[in-house]
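Chain residues, written in single-letter form:
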Amino acid sequence: MNPYQPVEFHAPCGHLISAPADRVGQDVRCPHCHRVARVPSPDVPYASAVPVPAGAVEPAALTALYVTALIGGLLGAGLVYLVMFDEFSETELVSITPLWFFPVVFGLYGFASQRLLRRIATGRARDLKEAAGMSIDVAGHWAALVLFPFLVLKWRSSLLVSLAAALFWAVLLWLFFVLVFPSL
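Model, not experiment: these values are computed from the prediction. (Residues numbered from 1 in each chain as written. Predicted model: local features only at pLDDT ≥ 70, side-chain atom pairs only at ≥ 80, totals over all residues. Heavy atoms only, no water.)

### Regarding the overall build of the protein chain
Of the regular secondary structure elements, the protein chain holds five helices and four strands. In the protein chain, the order of α-helices and β-strands from amino to carboxyl end is β-β-β-β-α-α-α-α-α. Counting only contacts in the protein chain whose residues sit at least 6 apart along the sequence, the fraction spanning at least 24 positions is 50%. When the accessible surface of the protein chain is split by element, carbon and sulfur atoms take 67% of a total near 11,600 Å². (Helix = DSSP H or I, 4+ residues; strand = E, 2+ residues; numbered from the N terminus. Contact = heavy atoms within 4.5 Å. Areas by Shrake-Rupley, 256 points an atom, 1.4 Å probe, with all protein chains shown as cover.)

This is the structure:
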């Protein structure tokens, strides 16, 4: 072993890091995830590449579904409120709100849940609650209003999480129309 050649190994998060050869057997901190990792001997077989954790990347079809739902919902809202607004009564506007609102919510929560689930898969968080808490710490306490479904769900599927979030917002939307516009 060359004492001047750094030892390269994968941290628990999967990132390739290097340490001086004189640190073999000692703990170092990963610059990416800030978790402590022990520097392995270069002749140890497990110091080779670590595969991406299962579940770290969801199928591209799910991401395409979220993009399609989000774009479709935004186009629907734009069509209703920017182009055809004068053609609808208030009652009709209320009745067609779910047609654009739920695709937008589904797409946004799909993307958010994929990001939070990646944090779990890479070891930066233990569950959705902790991953959402990290986002709330960065974005501020107002983010808890939007991330609320993630604070109570324990699923590891972005599809289930986004469906549950859409259902959550459906109930809120229904309550809004019942309490604020009961005559509609």
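### Considering the confidence of the model for the protein chain
Residues with a pLDDT of 70 or more make up 89% of the protein chain, whose mean pLDDT is 81. Mean pLDDT across the elements of the protein chain ranges from a minimum in helix α4 (residues 143-152), with 77, to a maximum in helix α1 (residues 60-83), with 94. Contacts for the low-pLDDT stretch residues 45-55, under 50 throughout, to residues beyond four places or in other chains number 13 contacts. (pLDDT = per-residue confidence, 0-100.)

### Some words on the nonpolar core
With 26 residues, the main nonpolar core has Leu116, Leu128, Leu147 and Phe150 as its most contacted residues. Mapped onto this core, the elements with two or more residues apiece are α1, α2 (90-121), α3 (128-139), α4 and α5 (158-180). Broken down by element, the residue count for this core peaks at nine residues, all from α2. Each residue touching Leu128, except ones within four places of it in the same chain, is listed here: Leu116, Leu117, Ile120, Phe150, Leu153, Trp155 and Val161. (Core = buried A, V, L, I, M, F, W, Y, C linked by side-chain atoms within 4.5 Å. Buried < 20%, exposed > 50% of the residue type's maximum accessible area, 1.4 Å probe, protein only.)

### Quick word on the layout of surface pockets
Looking at the largest pocket, its volume works out to about 280 Å³. Taken together, 14 residues line the largest pocket, and the ones lying closest to its centre are Leu108, Tyr109, Ala112, Val146 and Leu147. Breaking the lining of the largest pocket down by element, the ones donating at least two residues are α2 and α4. No other element matches the nine residues that α2 contributes to the lining of the largest pocket. Looking at the lining of the largest pocket residue by residue, the classes come out as twelve nonpolar, one polar and one charged. (1 Å grid on protein atoms, 1.4 Å probe; cavity = no way out; pocket = protein on both sides within 12 Å on 5 of 7 lines; lining within 4 Å. Points joined across faces, edges and corners; volume = space filled by probe spheres on them. Nonpolar A, V, L, I, M, F, W, Y, C, P; charged D, E, K, R; others polar.)

### Here we look at the pairing of strand β2 (residues 16-19)
The alternating pattern of β2 places Ile17 and Ala19 on a buried face, while none of Leu16 and Ser18, on the opposite face, is buried. With four bridges connecting them, strand β1 (residues 7-10) and β2 associate as antiparallel partners. Bridge assignment links Phe9 to a residue of β2, and that residue is Ile17. Once β1 ends, the chain turns through five residues before running back antiparallel as β2, passing Gly14 with a positive phi of about 100°. (Pairing = 2+ DSSP bridges.)

### Some words on the packing of α1 against α5
Closest axis-to-axis distance for the α1/α5 pair is 11 Å, and the angle between their directions is 25°. Comparing the axis directions of α1 and α5 gives the class roughly parallel. Each of Leu62, Leu65 and Tyr66 in α1 lies in contact with α5, whose residues at this interface are Ser158, Leu159 and Ser162. Considered class by class, the residues forming the contact of α1 with α5 number four nonpolar, two polar and no charged. (Axes fitted to C-alpha atoms, helices over the stretch in contact; angles between N-to-C directions. Parallel < 35°, antiparallel > 145°, perpendicular 65-115°, else oblique.)

### Comments concerning a nonpolar patch on the surface
There is a patch of nonpolar side chains on the surface, built from Leu167, Val171, Leu172, Trp174, Leu175, Phe176, Val178, Leu179, Val180 and Phe181 and spanning about 930 Å² of accessible area. By the secondary structure assignment, Val180 is in helix α5. (Patch = residues over 30% accessible without salt bridge, like charges linked within 9 Å, V, L, I, M, F, W, Y side chains within 5 Å. Salt bridge = Lys/Arg side-chain N within 4 Å of Asp/Glu carboxyl O.)

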